[in-house]
Amino acid sequence: MISKELRELIITDRREGLSVAEIGRVLHVGKPTIWKLLKQERETGSIESRCHGRKSSLTAEQYEQMIALVEAESDVTLEEIRERLRLPIHKSQIGICCARPDTR
């Protein structure tokens with residue numbers, strides 16, 4: 001992923017007439033990345049980063065239930081959490097959710 005500033009530089013340089021090869025050489029960005037950004041800007045009018053990744057399998061309610069269970073029973077295992085709450089995820093994903101509460 002490239003920064004917003006670098007995206008803006010690519011668009012500006014291209015509008016000023018620089019070739020994709022020149023832009024890539026000067027900014028150290030691969031030509032496929034530049035072409036993809038130019039296409040995105042042309043088709044959508046935006047150069048914002050597109051969101052990648054999966055949506056969480058947990059609902060906000062399931063997440064809150066999981067946190068409440070861990071707070072109430074600090075020695076509960078990941079498998080017990082998954083079973084008691086009937087969560088649709090693997091126990092390894094529960095550990096990630098508990099470690100990073102911003103994943104909801």
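Preceding this section is the structure that the text describes.
Residues numbered from 1 in each chain as written. Predicted model: local features only at pLDDT ≥ 70, side-chain atom pairs only at ≥ 80, totals over all residues. Heavy atoms only, no water.

What follows is about the environment of Glu22. One can find Glu22 in helix α2 (residues 20–27). By relative accessible area, which is 32% here, Glu22 ends up partly exposed. (Helix = DSSP H or I, 4+ residues; strand = E, 2+ residues; numbered from the N terminus. Buried < 20%, exposed > 50% of the residue type's maximum accessible area, 1.4 Å probe, protein only.)

It is the contact of α2 with helix α3 (residues 31–44), at a shortest axis distance of 9 Å, that shows an interaxial angle of 120°. With respect to each other, α2 and α3 are oriented oblique. Our pair here, α2 against α3, has a crossing hand that is right-handed. Only Lys31, Ile34, Trp35 and Leu38 of α3 make contact with α2, whose side of the interface consists of Val20, Ala21, Ile23 and Gly24. (Axes fitted to C-alpha atoms, helices over the stretch in contact; angles between N-to-C directions. Parallel < 35°, antiparallel > 145°, perpendicular 65-115°, else oblique. Left-handed = near helix turned anticlockwise from the far one by under 90°. Contact = heavy atoms within 4.5 Å.)

Another aspect to go through is the pattern of salt bridges. Counted according to the given criterion, the structure contains four salt bridges. Where Glu48 meets Lys4, a salt bridge forms, and the shortest distance between an N and an O atom there is 3.8 Å. In this pair, Glu48 sits in the loop between α3 and α4 (60–72) while Lys4 sits in helix α1 (residues 4–15), placing the two residues 44 residues apart along the sequence. With a closest N to O distance of 2.7 Å, Arg15 and Glu41 form a salt bridge. Of this pair, Arg15 sits in helix α1 while Glu41 sits in helix α3, and the two are 26 residues apart along the sequence. Taking relative accessible area as the criterion, Arg15 reaches 62% and is therefore assigned exposed. (Salt bridge = Lys/Arg side-chain N within 4 Å of Asp/Glu carboxyl O.)

The next subject is the side chain of Gln40. If you trace the backbone, Gln40 turns up in helix α3. The class for Gln40 is buried, based on a relative accessible area of 8%. If we skip the residues at most four places from it in the chain, Gln40 touches Arg7, Gly45, Ser46, Ile47, Glu48 and Arg50.

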